[in-house]
Amino acid sequence: MGQVVSCRLPAEELQAFDALCTQLGAKSRSDGVRSVVRMASGFLEFSREDSAKLEEIRYELAKIGTNVNQIALAANRGRAPMVKAQWASVEELRRSLPMVAKALSQIIAERRRQGVALFRKFVETQEGARHG
């Protein structure tokens, strides 16, 4: 299980830390400390606002992908004649959009997991290095 870490902060630093906790969406100061430690260790941490923006981007990417597929379908059926360069651009979009969407989904999933499993592994590695 975890260990308690405590420290004293001057009023202005505590106020700044509380503001950071709010920005990160931390439910408590303990959550805030864990987020700061994870960020300092290189793990992904996003504010609620940033998480919402990422979800919005993911949604928009899905809509764009649908539109690109509809354009390709219409072109294949002869309803939207395209020159070779246009067709190449549509095909490039059809290939790259799913990869971008997948990468974004992985980032969002990592945020949802809060990096806990990775952080625990990191801590174990650090403890092993100190004792080994």
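If you're wondering where the values come from, they're calculated on a predicted model, not measured in any experiment.

A. Fine view of helix H2 (residues 29–40). With 12 residues, H2 ought to run about 16 Å at 1.5 Å a step, and its terminal C-alpha atoms sit 16 Å apart, in line with that. Within H2, the full set of buried residues consists of Gly32, Ser35 and Arg38. Projection of H2 onto a plane perpendicular to its axis shows the buried side chains occupying an angular sector of 130°, all on one side.

B. Up close: the pattern of salt bridges. With the rule as written, the count across this model stands at 5 salt bridges. Here arginine 58 and glutamate 55 are joined by a salt bridge, their closest N and O atoms 2.8 Å apart. In this pair, arginine 58 and glutamate 55 both sit in helix H3 (residues 48–76), 3 residues apart, roughly one turn of the helix. Looking at glutamate 55, the relative accessible area reads 25%, which means it is partly exposed. Across the salt bridge formed by arginine 94 and glutamate 91, the nearest N and O atoms sit 3.4 Å from each other. With arginine 94 and glutamate 91 both in helix H4 (residues 84–113) and 3 residues apart, this pair spans about one turn of that helix.

Parameters at a glance
Residues numbered from 1 in each chain as written. Predicted model: local features only at pLDDT ≥ 70, side-chain atom pairs only at ≥ 80, totals over all residues. Heavy atoms only, no water. Helix = DSSP H or I, 4+ residues; strand = E, 2+ residues; numbered from the N terminus. Expected span 1.5 Å × (residues − 1). Buried < 20%, exposed > 50% of the residue type's maximum accessible area, 1.4 Å probe, protein only. Arc of directions from axis to C-beta. Salt bridge = Lys/Arg side-chain N within 4 Å of Asp/Glu carboxyl O.

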